[in-house]
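Inside the fold
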Amino acid sequence: MKKIVILGAAESGAGAAVLAKKEGFNVFVSDMGTIKERYKKMLDDRNIAWEEGKHTQEQILDADEIIKSPGIPDDAPMIVKAMERNIPIISEIEFAGRYTDSKMICITGSNGKTTTTSLIYHIFRQAGYDAGLAGNIGHSLALQVAEEPHEYYIIELSSFQLDNMYDFRANIAVLLNITPDHLDRYGGEMQNYVDAKMRILQNQTADDAFIYWADDPIIKKELQKYNIAAATCPFAEIKKNGVIGYIEEGQYKIEYPTPFNMEQESLSLTGKHNIYNSLAAGITANIAGISKDDIRKALSDFPGVEHRLEKVTTVGGVTFINDSKATNVDACWYALESMTTPVILIIGGKDKGNDYEPIRELVQKKCRAIVYLGADNTKLHNFFDGIGITTRDTNNMKDCVNTCYELAQPGDTVLLSPCCASFDLFKNMEDRGEQFKTLARNL
């Protein structure tokens, strides 16, 4: 019996363990941290061996294959040892893909992944399609394949997941954009990160579709290196040669595979970045054969995504917006670009090798003040303190929200759009957003 070892026992790891057990493997799960009780129960109920707080080398390095959590870097000591022994290391998504013939709709990009993935899922479910939500959001793909199979899977893929995918094939691949992110994980080399994103194309055939933003400079450059077998479906803000989705004279239009249009003002998502997200989702649904009426309705009534430009409350004429999902500079740029009132901007957290230059002009144009929120705000001070805008320093969410409210004037917007990861002060970006929402509502 072949042995599969799973490193990391959160959503993806526990789900992979369940599928591996079902498929007859000898399964061992190891997590250096503490495993949540619900995942322990999931493993115990299926008689799957596990350990927490350590990695037992003898138990791990006799594996025939290792499935690793996307959060574990390649330079982690146990991964290095496994690679030295030539033990294959794959992602949960790669493993799950071996045991299903369902249609895979995969979405990646530096920004907009969650909104676009959620919108596609919303369209499919509203249209009555049997679809599961997986990857970075929803439930483990492997667990669904094992115990709750669907005809379609709508999968948000991070670069970390794509790194360890080899034979997996996306029937519809969506690449929204590529901007600097996670460079700390990629040795400071942008090309390494770009190469990871482009892996979404691998294994596609002439029966598949590749949807992408035609105006992204990095994608345009990279596509010259690839012989793409799939049908290419580029979209852009305005009509141009080759583009099959665009906005024209207030109309949202798709040309392929069947013509579709609706009033732009009927789209539930607003802002330039959401034009791209809505075009990518509409093209995906059109390719999947969803009816025009169903696409039109779902694009009109999608409620949006929590922690992504989420309007929280208005207190004393000051509006609070939670954009905690903006964990890189480009995401913050889109948030600022959509603002129509003076902004008190909250930025800071665990820096991922950020260059803040792309938002300098928007900050100067739109922000009344900047409030730093991080364990170490030195880099932010060095960049923003000299650009002529009021700045304040905070190290916890309570002080941050109170400081923002003091600085704001009626009619202003307090925008949490941090540019950074959350792990210096918070459990995750959701925790950061929830604390922000609770404290804003309690003002």
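Shown above is the structure to which this text applies.
Residues numbered from 1 in each chain as written. Predicted model: local features only at pLDDT ≥ 70, side-chain atom pairs only at ≥ 80, totals over all residues. Heavy atoms only, no water.

**Here's the deal with the overall build of the chain**
Scanning the chain from N- to C-terminus turns up 17 helices and 20 strands. Projecting the C-alpha coordinates of the chain onto the three principal axes gives extents of approximately 65 × 50 × 40 Å. Taken over 443 residues, the chain has a buried fraction of 57%. Within the chain, counting contacts between residues at least 6 apart in sequence, those at least 24 apart form 66% of the total. Of the roughly 18,500 Å² of accessible surface on the chain, 46% is carried by carbon and sulfur atoms. (Helix = DSSP H or I, 4+ residues; strand = E, 2+ residues; numbered from the N terminus. Buried < 20%, exposed > 50% of the residue type's maximum accessible area, 1.4 Å probe, protein only. Contact = heavy atoms within 4.5 Å. Areas by Shrake-Rupley, 256 points an atom, 1.4 Å probe, with all protein chains shown as cover.)

**Some details on the sheet that holds strand 5 (residues 89–90)**
Strand-to-strand pairing in sheets goes through backbone hydrogen bonds, with the strands running parallel or antiparallel. On the basis of which strands lie adjacent, the open sheet formed by 5 strands has the order 3-2-1-4-5 and parallel pairing. Whereas interior strands pair on both sides, the edge strands pair on one side only; in this sheet they are strand 3 (49–52) and strand 5. Direction of pairing for strand 2 (residues 26–31) relative to strand 3: parallel, over a ladder of 4 bridges. The partner of Val29 across the bridge, within strand 3, is Trp50. (Pairing = 2+ DSSP bridges.)

**Details of the nonpolar core**
Of all hydrophobic cores here, the largest spans 53 residues; its most connected members are Leu141 and Ile155. Here this core takes 6 residues from helix 1 (residues 11–22), the largest share from any one element. Every residue in contact with Ile155, bar those within four places of it in the chain, is listed here: Ile93, Met104, Ile105, Cys106, Ile107, Thr117, Ala134, Gly135, Leu141 and Phe168. Within the second largest apolar cluster, 43 residues are counted, among which are Leu269, Ala280, Ala281 and Val305. (Core = buried A, V, L, I, M, F, W, Y, C linked by side-chain atoms within 4.5 Å.)

**Quick look at the pattern of salt bridges**
In total, this model carries 21 salt bridges according to the counting rule given. The shortest N-O distance in the salt bridge between Asp45 and Lys41 comes to 2.8 Å. Within this pair, Asp45 and its partner Lys41 are both found in helix 2 (residues 37–45), separated by 4 residues, close to a single helical turn. A residue is classified by how much of its surface remains accessible, and Lys41, at 52% relative accessible area, is exposed. With a closest N to O distance of 3.4 Å, Arg296 and Asp293 form a salt bridge. Here Asp293 and Arg296 lie together in helix 12 (residues 292–301), a separation of 3 residues that amounts to about one turn. (Salt bridge = Lys/Arg side-chain N within 4 Å of Asp/Glu carboxyl O.)

**A word on the sheet that holds strand 20 (residues 413–416)**
Pairing is mixed across the open sheet formed by 6 strands, whose spatial order is 15-16-20-17-18-19. Of all the strands in the sheet, the pair left with one neighbour each is strand 15 (310–315) and strand 19 (390–394). For this sheet the average axis-to-axis angle between neighbouring strands, irrespective of direction, equals 20 degrees. Here 5 bridges tie strand 17 (residues 343–347) to strand 18 (residues 367–373), and the two strands are oriented parallel to one another. Of the residues in strand 18, the one forming a bridge with Ile346 is Val371. Strands strand 17 and strand 18 of the sheet are contacted by helix 14 (residues 357–366), whose axis makes an angle of about 120 degrees with strand 18. Docked against the sheet, helix 17 (residues 429–441) engages strand 15, strand 16 (318–322), strand 17 and strand 20, running at close to 20 degrees with respect to strand 15. (Axes fitted to C-alpha atoms, helices over the stretch in contact; angles between N-to-C directions.)

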